[in-house]
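A look at the structure
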Amino acid sequence: MAYHRESIKAGHGMQLPATRPPVMNEQMAPRIVVVGGGVGGLILASRLGHSLGRRRLARISLIDRSWIHVWKPMLHTFAAGTWNIYEQQVQYAAHAHKHHFEYMPGQLDAIDRTTRRIRLAPMQVAGELVANARELEYDVLILAIGSRANDFGIPGVVEHCHFIDSQDQADAFNARLRAHVVRSFAQGGNVEIAIVGGGATGVELAAELSRMVELAEGYGEADIRRRLRLTLLETAPRILGAFPEAVSAGATSGLRALGVDVRTGVKVVAADAQSFLLDGGERVPAALKVWAAGIRASGSFDESGLELSRAGQIVVGPNLLAKGEQRIFALGDCASLVPKGVERPLPSTAQVANQQALHLVRHLPAWLRSGKPVPPFRFRDFGALVALSEYNAFGTLGRFGFFKGGFIKGRFAQLSHAVLYRQHQLSLHGPFRAALLWLAERINALVQPRIRIS
Ligand SMILES: Cc1cc2nc3c(=O)[nH]c(=O)nc-3n(C[C@H](O)[C@H](O)[C@H](O)COP(=O)(O)OP(=O)(O)OC[C@H]3O[C@@H](n4cnc5c(N)ncnc54)[C@H](O)[C@@H]3O)c2cc1C
């Protein structure tokens, strides 16, 4: 793509704001590159595809290191094998075609802000090199690459623990889980699992694993539930520290009733093949170990020159532009936004990512057309929910919505939790397709086993 420094006029009547350096080739619509097709990025690319891409007012490109999108908050169900992963996948290429944007597989490796280019790392599929390192130019860059758990440099964690931050990782854990369950079926012996991190991921995974083993009992091994040794380790005095105490207390007793050993106030200092080592010398035996503690930005932006938080997230201003930048936005888990009058950054949740994406969907077209500034993003807290599989759910309803700030549990909380995913499907596919997908899932549930065990 050739650049003309004097011209600010974009193709098809779109103009980039005059306050920014000129960038456009007269014939070309601005190229908006979204990196990361997760909760925030995929909705953003799909909606911009409809508002700008379809009319060729902008060229929208979505880059993701994976070929398929899954809704990250359900990864623990794939890890436990209690939900069919293949039913819930969205293929980027097909989705892009339908929603007027282009999809390019690739992993962001570096950003050159001066030349406005990103570099994608060489790509391998099944051990074969399928693409060399590539460069891509952008007029507007939107980073939405999410986050991953933070091993804090603790010895042995990277080598011996599973992480549940991507579909591949959830799959890898599930394969080992099935091996352990089948071994227990065949030879007896305990299935020992320990999870570090009493946040929503660790808590929901523990409940889902319990459910998986309960369902497995029905497939022939009546004793297997008793042979599951499931431990949840948390450094803080209580699990779900970001939630109100009532949620934390409800979830703790719910998990204990399921037989999970919930241990709070313990610090893991090392991991090896067979156990976690706690501060003080105690060992917690576990052949299967999951690390679900802490949070870090998914990629490394260290060389990019962008301002970063301590967790490596990109510091953004109220309009979601990276600090000091004119053309680089960041949203969701990879961004750190401290709202005015508040001390802590917004939490890394699907709700925040979704609202930030919709904020840009609403305001980017005017910003591109006339330079009208993107207004400050205001987070509307609709509450937070945590589900203990099909057993129970707990949550708060936040400061917006009908039941302001209320504590909920039981069936209503479970339903509210389930609605979150359906809303995501609705946003991505529209009502007709979302309803068909739901129906297909219900029909499949009648004919398929409820868990993945082989
Ligand atoms: C098991 C689990 C349960 C959760 N439960 C909840 C819940 O109940 N409620 C809630 O609000 N939140 C929950 N969360 C958190 C929620 O999933 C995240 O806050 C949300 O997904 C963030 O959205 P995002 O768009 O920022 O990033 P993501 O949804 O993580 O998407 C990031 C995308 O970027 C891609 N990517 C990453 N690195 C690169 C790279 N270098 N180059 C190219 N592409 C890249 C990834 O493949 C992915 O598609 C849960 C998380 C987990 C792991």
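Before going into details, it helps to say that this report is about the structure given with it. (Residues numbered from 1 in each chain as written. Predicted model: local features only at pLDDT ≥ 70, side-chain atom pairs only at ≥ 80, totals over all residues. Heavy atoms only, no water.)

1. Points about the pairing of strand β17 (residues 275-278)
Pairing of strand β16 (residues 268-271) with β17, which is carried by three bridges, proceeds in the antiparallel orientation. Each bridged residue has a counterpart across the sheet, and for V268 the counterpart in β17 is L278. A loop of three residues connects β16 with β17, the two strands running antiparallel in sequence. Relative to strand β18 (residues 283-285), β17 runs antiparallel, the two being bridged by three bridges. Its bridge partner being in β18, F276 is matched across the sheet by V284. The turn joining β17 and β18, which pair antiparallel and follow one another in sequence, is formed by four residues; a positive phi near 105° is taken by G280. (Pairing = 2+ DSSP bridges. Helix = DSSP H or I, 4+ residues; strand = E, 2+ residues; numbered from the N terminus.)

2. Structural notes on the site of the ligand
Around the ligand, 30 residues are found, and the nearest of them are G40, D64, L108, D333 and A350. G40 has a polar backbone atom sitting 2.8 Å from an oxygen atom of the ligand. Only α1 (39-53), α6 (200-217) and α8 (350-370) provide two or more residues apiece to the shell around the ligand. Broken down by element, the shell around the ligand gets its largest block of residues, three residues, from α8. Broken down by class, the residue content of the shell around the ligand amounts to ten nonpolar, 15 polar and five charged. (Near = heavy atom within 4 Å. Polar contact = N/O pair within 3.5 Å; in protein donor to acceptor, adjacent residues only side chain to side chain. Nonpolar A, V, L, I, M, F, W, Y, C, P; charged D, E, K, R; others polar.)

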